[in-house]
Amino acid sequence: RASGTRQSTLALVDLAGSERSKRLLGRARFTEGCYINKSLLTLGIVIRKLAQGTATTHIPYRDSRLTRLLQPALGGNAKAAVVCC
């Protein structure tokens with residue numbers, strides 16, 4: 001990368017899962033909801049640890065698929081905006 005150039009990434013993530021909830025059985029819907037809750041909890045933990053700003057703190061990016069996918073946007077010198085609808 002030449003100096004002065006910027007790279008942008010847009011990540012769109014749908015965590016609702018409501019599109020398939022009517023077609024899924026109760027157990028499958030419950031399991032999907034558990035995965036969504038785990039991803040959101042891990043995202044909150046990662047953001048909290050990044051906000052603390054200590055260099056020695058372990059950031060648990062690998063604890064969920066969501067945080068693993070968003071790691072480049074959350075870590076380093078990246079600037080990130082999160083919009084929840």
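About the criteria used
- Residues numbered from 1 in each chain as written.
- Predicted model: local features only at pLDDT ≥ 70, side-chain atom pairs only at ≥ 80, totals over all residues.
- Heavy atoms only, no water.
- Core = buried A, V, L, I, M, F, W, Y, C linked by side-chain atoms within 4.5 Å.
- Buried < 20%, exposed > 50% of the residue type's maximum accessible area, 1.4 Å probe, protein only.
- Helix = DSSP H or I, 4+ residues; strand = E, 2+ residues; numbered from the N terminus.
- Contact = heavy atoms within 4.5 Å.
- 1 Å grid on protein atoms, 1.4 Å probe; cavity = no way out; pocket = protein on both sides within 12 Å on 5 of 7 lines; lining within 4 Å.
- Points joined across faces, edges and corners; volume = space filled by probe spheres on them.
- Nonpolar A, V, L, I, M, F, W, Y, C, P; charged D, E, K, R; others polar.
- Arc of directions from axis to C-beta.

Visitor: Could you give me a rundown of the nonpolar core, with the residues and numbers involved?
Guide: Of all hydrophobic cores here, the largest spans seven residues; its members are Leu43, Val46, Ile59, Tyr61, Leu66, Leu70 and Leu74. Elements represented by at least two residues in this core include exactly α1 (26-52) and α2 (65-74). Considering each element in turn, this core owes the most residues, three residues, to α2. Once residues within four sequence positions are removed from consideration, Val46 is found in contact with Ile59, Pro60, Tyr61, Thr67 and Leu74.

Visitor: I'd like a description of the layout of surface pockets, backed by residues and values.
Guide: Of the pockets and cavities examined, the largest pocket occupies roughly 1200 Å³. Around the largest pocket sit 31 residues that line it, and Thr9, Ala11, Ala73, Ala80 and Ala81 are the ones nearest its centre. Counting residues per element, the ones that place at least two in the lining of the largest pocket are α1 and α2. Take the lining of the largest pocket: its biggest share by element is six residues, from α2. Residue classes in the lining of the largest pocket are distributed as 21 nonpolar, six polar and four charged.

Visitor: Account for α2, with residues named and values stated.
Guide: Within α2, burial applies to Leu66, Thr67, Leu70 and Leu74. End-on, the buried residues of α2 take up no more than an arc of 80 degrees, which puts them together on one face. In α2, the exposed residues that point more than 90 degrees away from the buried face are Arg65, Leu69 and Pro72. Where α2 terminates, the next one or two residues include Gly76, which has phi positive at roughly 70 degrees.

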